[in-house]
Amino acid sequence: MLEAIGIKLITVLAGFLFEHGLVSIDKIQVAGAPSWYYEESNNDYLYVFSYKDGGIETIEPLKMDLEIMMEKRIEDIIEIVIYQNFRDVKDPKEKELVRQFGKDPNLSLFVKSNIKYERIVQQDMREKGLIFKGRPERTFGSAVLSKKALLDYQEERITILREQIVREQSSKMFDKLGSELGEDENEMEMEDELPKW
């Protein structure tokens, strides 16, 4: 039961990632943006893009922004997958698996470990002239994350979550059984203490 829904979660996520292909985003017009800005060219990767005004000191903050954006993009994808395919799950164990799948406390670490900064370009300020428009000092960046790495990670998570849920269920059953046995023993002890006429 849990194994089947775990497989379905991964299958549907894979379908969503690869069938939707490259995201068609209206190209955002930013003064001086490089030609690659907001262009996703490889369907094997998730892309994020950002920029910051300023000089070379903006490179590290830009990288942090790209990490946060990638994390948010993955969260949004998983939220959509769950909403479109698993919102009507009734079985409590399956429901718990879907709920935990949607809330990943380690996603930030996964993103930091797997994100690749594809391009970072720092542009100097340009004064307005007869031919060119003026522009501020600005840093542009794009980052990618392998869809295969994301699927492998989620597959591993599903296995761990399934095992945790089964363990928790088993533990609850043993606790319940133990408390029921304890009640029976107490009743027997009380019967033993009652005077026999």
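## What about the overall build of the chain?
1) Next: Counting its regular elements, the chain contains five helices and three strands.
2) Next: Secondary structure elements of the chain occur, N-terminal to C-terminal, as α-β-α-α-α-β-β-α.
3) Next: Expressed as a percentage of its 197 residues, the buried residues of the chain come to 34%.
4) Next: In the chain, once contacts between residues fewer than 6 apart in sequence are set aside, the share between residues at least 24 apart is 71%.

## As for the nonpolar core
1) Next: By size, the foremost hydrophobic cluster in this structure holds 35 residues, and its most contacted members are L13, M70, I74, F86, F101, F110 and V111.
2) Next: Listed by contribution, the elements that provide at least two residues to this core are α1 (2-19), β1 (45-53), α2 (59-85), α3 (92-102), α4 (107-114), β3 (138-146) and α5 (147-193).
3) Next: Here I74 is in contact with L46, L107, F110, V111, L145 and L150, once residues within four sequence places are set aside.
4) Next: Core analysis: the next-biggest nonpolar cluster, separate from the first, contains eight residues, V30, W36, Y38 and F49 among them.

## Some words on the layout of surface pockets
1) Next: The computed volume of the largest pocket comes to approximately 250 Å³.
2) Next: In terms of lining residues, the largest pocket is bounded by 13 residues, among which E75, I78, E79, G102 and K103 are the most central.
3) Next: Breaking the lining of the largest pocket down by element, the ones donating at least two residues are α2 and α3.
4) Next: No other element matches α2, which puts seven residues into the lining of the largest pocket.
5) Next: For the lining of the largest pocket, the class distribution of residues is five nonpolar, two polar and six charged.

## Quick notes on the pattern of salt bridges
1) Next: Counting across every chain of the model gives nine salt bridges.
2) Next: Notably, a salt bridge pairs D152 with K148, separated by 2.8 Å at the nearest N-O pair. With D152 and K148 both in helix α5 and four residues apart, the pair spans about one turn of that helix.

## Section: the sheet that holds β3
1) Next: Reading across from one edge, β1-β3-β2 is the order of the three strands in this open sheet, with antiparallel pairing throughout. The open sheet has two edge strands with one neighbour each: β1 and β2 (116-123). Geometrically, the sheet is characterised by an average inter-axis angle of 10° between neighbouring strands, direction not taken into account.
2) Next: Examined bridge by bridge, β2 and β3 share seven bridges and lie antiparallel to one another.

## Points about α3
1) Next: When α3 is considered as a whole, its buried residues turn out to be E94, L97, V98, Q100 and F101. Down the axis of α3, the sector holding all buried residues measures 165°, keeping them to one side.
2) Next: N-capping of α3 is provided by D91, with a side-chain oxygen placed 3.1 Å from the backbone N of K93.

## Some points on the packing of α1 against α2
1) Next: Look at α1 against α2: their axes get within 10 Å of each other, and the N-to-C directions meet at 115°. As α1 packs across α2, the resulting crossing turns out to be right-handed. Here K8, V12, L13, F16 and L17 of α1 come into contact with α2, specifically with I77, I78, I80, V81, Q84 and N85.
2) Next: Residue composition of the contact of α1 with α2, by class: eight nonpolar, two polar and one charged.

Calculation notes
- Residues numbered from 1 in each chain as written.
- Predicted model: local features only at pLDDT ≥ 70, side-chain atom pairs only at ≥ 80, totals over all residues.
- Heavy atoms only, no water.
- Helix = DSSP H or I, 4+ residues; strand = E, 2+ residues; numbered from the N terminus.
- Buried < 20%, exposed > 50% of the residue type's maximum accessible area, 1.4 Å probe, protein only.
- Contact = heavy atoms within 4.5 Å.
- Core = buried A, V, L, I, M, F, W, Y, C linked by side-chain atoms within 4.5 Å.
- 1 Å grid on protein atoms, 1.4 Å probe; cavity = no way out; pocket = protein on both sides within 12 Å on 5 of 7 lines; lining within 4 Å.
- Points joined across faces, edges and corners; volume = space filled by probe spheres on them.
- Nonpolar A, V, L, I, M, F, W, Y, C, P; charged D, E, K, R; others polar.
- Salt bridge = Lys/Arg side-chain N within 4 Å of Asp/Glu carboxyl O.
- Pairing = 2+ DSSP bridges.
- Axes fitted to C-alpha atoms, helices over the stretch in contact; angles between N-to-C directions.
- Arc of directions from axis to C-beta.
- Polar contact = N/O pair within 3.5 Å; in protein donor to acceptor, adjacent residues only side chain to side chain.
- Left-handed = near helix turned anticlockwise from the far one by under 90°.

In short, shape yes, function no, at least from these values alone.
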